[in-house]
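# Inside the fold
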Amino acid sequence: MASDGKIRELIKNRMQDVSSSHLVTSSQVWLQVKDLMSTDVAVVGPDQTMAMAAIMMADDSLSSLVVVDNGTVAGIITEKDFLERVVAKGKSALEVKVRDVMSCSVVTVSSQATVYEAGRIVEEKHVKRLPVVDGSKLVGIVSQTDLIRVLTSYGMWRDVAEIMTKDVATVQCGATVAEAAALMAKRGISGIVVMQAEKIVGVMTERDLLKRVVAANRDPASVKMEEVMTSPVEIIPPHFAVFTASRIMEKKHIRRLVVEDNGWLCGIVTQTDIFRAVAQKWR
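So, here is what we can say about the structure in this document. (Residues numbered from 1 in each chain as written. Predicted model: local features only at pLDDT ≥ 70, side-chain atom pairs only at ≥ 80, totals over all residues. Heavy atoms only, no water.)

## As for the layout of surface pockets
Condition: Only protein atoms enter the 1 Å grid, on which a cavity is a set of points fitting a 1.4 Å probe that cannot get out and a pocket is an open set with protein on both sides within 12 Å along at least 5 of 7 lines, lining residues being those with an atom within 4 Å of a point. Grid points are joined across faces, edges and corners, and a volume is the space filled by probe spheres set on the points. Elements are defined by DSSP. Helices are runs of H or I of four residues or more, strands are runs of E of two residues or more, and each kind is numbered from the N terminus.
Looking at the largest pocket, its volume works out to about 1200 Å³. Considering the residues around the largest pocket, the lining is formed by 42 residues, among which Ser 61, Ser 63, Arg 207, His 253 and Arg 255 are closest to the centre. Looking at the lining of the largest pocket, the elements that each hand over two or more residues are strand 2 (64-69), strand 6 (137-143), helix 6 (144-153), strand 9 (199-205), helix 8 (206-214), helix 10 (242-252) and strand 11 (256-261). When residues of the lining of the largest pocket are assigned to their parent elements, the largest contribution, 5 residues, is made by helix 8.

Next comes the structure, spelled out in structure tokens:
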């Protein structure tokens, strides 16, 4: 995964490479996937339990594992799978196998593809990470976070208020994790804001669910939100620049920011919101 400085240098060099041609199109100066992909890919076998997969992901702070069977990419599991296919369905991660919940139609990308092409795939297929393959060989993985880092390096000037989600799902801090997980699964969201009356006191995400409930083998129906939520919450005002919000998420290793206006919850902005805004601008 390339740093900001490395990305800027790569962009500069790529533009210099094509600057002599007056007929060059913008797509020819895009970086390639190989320039920013992570080559250290975490993998798991299809016959491992989801409990073991949860421990692997929690220990290394991973949001996904690529499922490899006989040297071939067979599927992928994400934090969302734990929410929707294990916890929300009342199943035990100790009994469920990876092959039972993994997504088998894995969307991949070539290392030679441009960042723009990878971005289009992520947006159109509604995925957040792409295993990178050369032929049938797994050589890396590129995430929505990686793409946002590069795309915002090309420039981005919008306020968070223009792209944030205003219909924010909330739950009181005394609710159980099972109740919150059911709401998250129903709404198809990856995080929920935790309130104490009208005050924002925390956020629970798919990652919190994975690390603090599933990997710890705790019963979601008996765990309160206040025990597992992330607190304090990273809060920004609605006039915040999208570029700045993106950098805060990267620095804090989080994927959403709560938006508050004069003490009132008014929205939430996620990496996906930022990615779509940036992709739209550069399309």
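Next comes the rest of the description.
## Considerations on the sheet that holds strand 7 (residues 170-172)
Operational definition: Only strands joined by at least two bridges in the DSSP assignment are considered to pair. Axis lines are fitted to C-alpha atoms, over the contacting stretch for helices. Their N-to-C directions set the angle, which ranges from 0 to 180 degrees.
Taken in spatial order, the 3 strands line up as 7-8-9 in an open sheet, and their pairing is mixed. A strand with exactly one partner marks an edge of an open sheet, and here the two such strands are strand 7 and strand 9. Averaged over all pairs of adjacent strands, the angle between strand axes in this sheet comes to 35°, irrespective of strand direction.

## What about the nonpolar core?
Convention followed: Throughout, nonpolar core names a set of buried Ala, Val, Leu, Ile, Met, Phe, Trp, Tyr and Cys residues whose side chains join them through atoms within 4.5 Å. Exposed residues in this analysis have more than 50% of their type's maximum accessible area, buried residues have under 20%, and partly exposed residues fall in between, with area computed by a 1.4 Å probe over protein chains only. In this analysis, two residues are considered to be in contact whenever any of their non-hydrogen atoms come within 4.5 Å of each other.
Ranked by internal contacts, the top residues of the largest apolar core, which has 38 residues, are Met 50, Ile 77, Met 204 and Met 225. Each residue touching Met 225, except ones within four places of it in the same chain, is listed here: Val 171, Gln 172, Cys 173, Ala 175, Thr 176, Val 177, Ala 180, Ile 192, Val 194 and Met 204. The next biggest cluster of nonpolar side chains, apart from the first, holds 32 residues, and it includes Leu 36, Ala 113, Val 139 and Val 242.

## Observations regarding the pattern of salt bridges
This is how the line gets drawn: Salt bridges are defined by distance alone: a side-chain nitrogen of Lys or Arg within 4 Å of a carboxyl oxygen of Asp or Glu.
Counted according to the given criterion, the structure contains 14 salt bridges. Across the pair Glu 124 and Arg 120 runs a salt bridge, and its minimum N-O distance is 2.8 Å. Of this pair, Glu 124 and Arg 120 both sit in helix 5 (residues 115-125), 4 residues apart, which is roughly one turn of the helix. For Glu 124, a relative accessible area of 48% puts it in the partly exposed group. Its salt-bridge partner being Asp 208, residue Arg 212 comes within 3.5 Å of it at the nearest N-O pair. Taken as a pair, Arg 212 and Asp 208 lie in helix 8 at a separation of 4 residues, close to a single helical turn. Overall, the relative accessible area of 5% leaves Asp 208 in the buried class. Counted as one network, the salt bridges with shared partners bring together Asp 146, Arg 149, Arg 247 and Glu 250.

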